[in-house]
Amino acid sequence: MKHGVMKHRFAPLVLALPLVLAGCDGGRDNAPARMAGRTLQVTAVELTPRTVEIERELTGRTSAYRWAEVRPEVSGILKELCFTEGAQVKEGDVLYRIEPDTYQAALHRARADLASAEANLKVTRLRESRTADMLRTKSVSQQDYDDVKAALQQAEATVQSCKAAVEAAEINYRRTEVRAPISGRITISNFTVGALLTANQVSPLATIYQTDPMYVELSQASDDLYTLKKQFGEEDDPSAITATLTMPDGSSYASVGHLNFTGVDVNRNTNTIILRAEFPNERGELLPGLFVNARVIMGRDTRAILVPQQAVLRDLKGNPYVYLIKGGKAERRSITLSRAIGTDWHVIGGLELGERVILNGVNNVRAGMDVQEVPLAGAEQAAPSAGGEL
C-alpha cells in the first residue's frame, strides 16, 4: 500500500520533467532569433585624420665619433710614458718618449754638413764673380768661366740637399716624442718602458677614442625602409629624424640624438641597412661597443587612423577586428594594428577615413544585426560577454 502511494506521488513530477526540459531547449534555440529581431542601440566614432609619428624600434651598438691608433714613426727604445691610462688626453699631448740620442746626433751631423756646404757656396760664389770679371778682360777663357759657373750651381744644389737633410733629421728627432693625434680617452698602453719600438709597427702603442658626441649604428630591414621612403619620401635633412635610446638596464638615455647617415648598400646576409645616429655624450655615459635599443622617429603620418582600444575585438586566433555601421547594420571588418598610442590603436590596414566604428555596446553586436546609433548618454549598456564574435 505504501509503495503504491509513493508511486502516485512521483508520477506527476516525472511527467512534468520533459516539459521543463523542453521549455529550456526552446528558450536557447529562440535566443538568437530574438537578438536578431531587435535593433541594438550603440554609439560610434567617426574616423578622422590624425597626425602620428612613425617610429621604429631598432637595435644597435655605440661606436666612437673618432678613434685613432697611436704608433711610433721612428724606431728606438721606449724611454718614458707621459700619460695616465684611461684618462682624457688632448690633441698634441706628448704620450711617449723614445730614446732620442741617435736622432739628435743625426741632426747635429746634418747641420754640420749644411754649414760646410754653405761655406763652400760662399767661396764658389766669390770665385765665379772674379772669373766673370777676368772673362770680360779676356784674362781667362770661356771654358774656365763655364767650369766655375757649373761649380757654383753644384754648390747651390749641395746646400739645398743639406737643408733637406737637416729638415728630415729635425722631423725624426721630433718624432721621438709620440703625440696624441686626436683628443679623447686613451686606452691602456700595450708597451712598457724599455720596449723596442719600430717605425709604423703593426701593434699600436694605445688607442684614443673621442666619445663626445657618440655614434650609434642601427640595423633596419631594407624592405621596411623602402616602404617608408615610398610612403613619406626621402628626408632631405637627416638631422630632422630624431632618436632616443634605451640603455641595457632599461633606463632611458637623457639626450635626444639625430640621424646623420643612411647606408648606401644592403647587407646580403641579413637584408638590412645600416643607419647611424649621433648622440651628445658630455658625461661619458655611452661607451664604444655598448648594446642599446633605439626608438627612431622616421616621419609623420598626417592622415593616420586611430581607433579607441575598447572598440577593437579579437578572434580565437588573436586577430583584431571591429564593427562598423553600414546602412543601419553592423559590418565586421578585420584590421591591421601598428601600435598603441595612449588609449587608441594605430590602424594601418582595413579601415578608411570617414567610416564609423561601433564603440559602446560592441560586445553584443553581431555581423548583419540592425543597429541604431545614439548619443553616448542614451547607449544601451552592454551585458557581460566573452569578448565578441569569434
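Look above for the structure.
Heads up: these notes are all about the structure in this document.

About the cut-offs
Residues numbered from 1 in each chain as written. Predicted model: local features only at pLDDT ≥ 70, side-chain atom pairs only at ≥ 80, totals over all residues. Heavy atoms only, no water. Axes fitted to C-alpha atoms, helices over the stretch in contact; angles between N-to-C directions. Helix = DSSP H or I, 4+ residues; strand = E, 2+ residues; numbered from the N terminus. Parallel < 35°, antiparallel > 145°, perpendicular 65-115°, else oblique. Left-handed = near helix turned anticlockwise from the far one by under 90°. Nonpolar A, V, L, I, M, F, W, Y, C, P; charged D, E, K, R; others polar. Salt bridge = Lys/Arg side-chain N within 4 Å of Asp/Glu carboxyl O. Core = buried A, V, L, I, M, F, W, Y, C linked by side-chain atoms within 4.5 Å. Buried < 20%, exposed > 50% of the residue type's maximum accessible area, 1.4 Å probe, protein only. Contact = heavy atoms within 4.5 Å. Phe/Tyr/Trp six-rings, centres within 6.5 Å; stacked < 30°, edge-to-face > 60°. Lys NZ or Arg CZ within 6 Å of the ring centre and 35° of its normal. Expected span 1.5 Å × (residues − 1). Pairing = 2+ DSSP bridges.

### What about the packing of helix α2 (residues 101-136) against helix α3 (residues 142-174)?
The contact between α2 and α3 brings their axes to 8 Å, and the two run at 160°. Judged by the inter-axis angle, α2 sits roughly antiparallel to α3. Pair α2 / α3 crosses with left-handed handedness. Class assignment of the residues belonging to the contact of α2 with α3 gives a composition of 20 nonpolar, seven polar and eleven charged.

### A look at the pattern of salt bridges
Tallying each qualifying case throughout the model produces 15 salt bridges. Across the pair Arg 97 and Glu 177 runs a salt bridge, and its minimum N-O distance is 3.3 Å. With Arg 97 in strand β6 (residues 94-98) and Glu 177 in strand β7 (residues 177-179), this residue pair connects regions lying 80 residues apart in the sequence. The shortest N-O distance in the salt bridge between Glu 355 and Arg 333 comes to 3.1 Å. Within this pair, whereas Glu 355 is found in the loop between β19 (344-349) and β20 (356-358), its partner Arg 333 is found in strand β17 (residues 329-334), the two being separated by 22 residues in sequence.

### Let's talk about the nonpolar core
Val 70, Leu 95, Tyr 96, Ile 186, Leu 197, Leu 205 and Ile 208 are the most contacted members of the largest nonpolar core, which has 20 residues in total. Mapped onto this core, the elements with two or more residues apiece are β3 (50-70), β6 and β10 (206-221). A per-element tally of this core places β6 first, with three residues. Residues in contact with Ile 186, not counting those within four places in the same chain, are Phe 83, Thr 84, Glu 85, Gly 86, Ala 87, Val 89, Leu 95, Ala 206, Thr 207 and Ile 208. Ile 241, Ala 243, Leu 275 and Val 292 belong to the second largest nonpolar core, which has 18 residues in total.

### Description of the packing of aromatic side chains
Think of a pair of aromatic rings as described by two things: how far the centres are apart, and how the planes are tilted against each other in angle. Summed over the entire model, instances satisfying the criterion amount to four aromatic pairs. Ring centres 5.2 Å apart and planes at 50° place the aromatic pair Tyr 65 and Tyr 215 in the tilted group. Residue Tyr 65 is found in strand β3, and its partner Tyr 215 is found in strand β10; the two are separated by 150 residues along the sequence. Residue class for Tyr 65 comes out partly exposed when judged on its relative accessible area of 31%. Of the residues examined, Tyr 215 reaches a relative accessible area of 11% and is grouped as buried. Its guanidinium or amino end placed over the ring of Tyr 215, Arg 276 lies 4.0 Å from that ring's centre, counting from NZ or CZ.

### As for α2
The terminal C-alpha atoms of α2, which comprises 36 residues, lie 53 Å apart, in line with the 52 Å expected from a rise of 1.5 Å per residue. Here α2 has its buried residues at Tyr 103, Leu 107, Ala 110, Leu 114, Ala 117, Leu 121, Thr 124, Glu 128, Thr 131, Ala 132 and Leu 135. On its buried face, α2 sits against α3. Where α2 terminates, the next one or two residues include Lys 138, which has phi positive at roughly 65°.

### Observations concerning the pairing of strand β14 (residues 291-308)
Across eleven bridges, β3 lies against β14 in antiparallel orientation. The partner of Gly 60 across the bridge, within β14, is Val 292. By the bridge criterion, four bridges tie strand β11 (residues 242-246) to β14 in an arrangement that is antiparallel. Considered in β14, the bridge of Ala 243 is made with Val 296. Relative to β19, β14 runs antiparallel, the two being bridged by four bridges. Directly across from Val 307, in β19, lies its bridge partner Trp 345.

Without other data, these values stay purely geometric and don't point to any function.
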